[in-house]
Amino acid sequence: MTTESAPTTRRRTPTWLVATVAGAFGLFYAYAVWVAVGHLVTQATGVRGLNGAGWAVLGSAIVFPILVFAAAFALGYRRRAGAFALLLLAGLGLVAVFWLNILSYSITAGGSLLAT
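### Digging into the overall build of the chain
Per the secondary structure count, the chain includes three helices and zero strands. Secondary structure elements of the chain, listed N to C terminal, follow the sequence α-α-α. A compact globule built from 116 residues should have a C-alpha radius of gyration of about 13 Å, whereas the chain, at 20 Å, is more than 25% larger. Based on the C-alpha atoms only, the size of the chain along its principal axes is roughly 80 × 30 × 20 Å. When the 116 residues of the chain are sorted by exposure, 29% land in the buried category. In the chain, 74% of the contacts between residues at least 6 apart in sequence involve partners at least 24 apart. Here the chain has roughly 7,900 Å² of accessible surface; of this, 70% comes from carbon and sulfur atoms.

This is how it looks when you write it as structure tokens:
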């Protein structure tokens, strides 16, 4: 007696749902980029401006949310909507922690980021 199991077909998440979840979380990621750009412009247009390290540190705060969103999207767009949303939420938490690190570094050691 042989039992053959039927191949399991996994239903894909509808494209409109993937786009809606990604768009909703994408707004939060875009806000993180917007705030980082504002912080960079504020620091760069100050009296002393920024040195190379300042541009690198504050520029990484702009690039990091974009990379995290791309990675979370690539890892999760084929999963179910709930798992996809949780991946994007975890990435958003990572972006928030990174932003707080950048902000605290700017406050405590901000003088090392300024041009002489």
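### Looking at the UniProt feature "transmembrane region" (unreviewed entry) in the chain
In the UniProt entry, the feature "transmembrane region" (unreviewed entry) is given for residues 16–41, 53–77 and 84–107. In this annotation, residues 53–77 is assigned 96% helix and 0% strand; the end-to-end C-alpha distance for the span is 35 Å. For residues 84–107, the helix share is 100%, the strand share is 0%, and the end-to-end C-alpha distance is 35 Å.

### A word on helix H3 (residues 81–108)
Taking 1.5 Å per residue as the helical rise, H3 with its 28 residues ought to reach 40 Å, and the 40 Å between its terminal C-alpha atoms agrees with that figure. Taken as a whole, H3 has its buried residues at Phe 84, Ala 85, Leu 88, Gly 91, Leu 92, Val 95, Trp 99, Ile 102 and Ser 106. Contacts made by the buried residues of H3 are with helix H1 (15–44) and helix H2 (52–76).

Criteria and thresholds
All residue numbers refer to positions counted from 1 along the written sequence of the respective chain. In keeping with the predicted nature of the model, local features appear solely for residues at pLDDT of at least 70, side-chain atom pairs appear and are counted solely at 80 or more, and the whole-chain, interface and lining totals rest on all residues. The side-chain figures draw on all heavy atoms in the structure; neither hydrogens nor water molecules are used. What counts as a helix is a DSSP run of H or I of at least four residues, what counts as a strand is a run of E of at least two, and both are numbered from the N terminus. The globule rule used for comparison is 2.2 Å times the number of residues to the exponent 0.38, while the radius of gyration itself is calculated over C-alpha atoms. Each residue gets one of three labels from its accessible area relative to the maximum for its type: buried under 20%, exposed over 50%, partly exposed in between, using a 1.4 Å probe on protein chains only. Any pair of residues with heavy atoms lying within 4.5 Å of one another is described as a contacting pair. Areas reported as accessible are Shrake-Rupley estimates using a 1.4 Å probe. Residue values count occlusion only from the protein chains shown. UniProt positions are given in the numbering used here, feature names are shortened, and annotations may be inferred rather than shown by experiment. A helix is expected to span 1.5 Å for every residue after the first.

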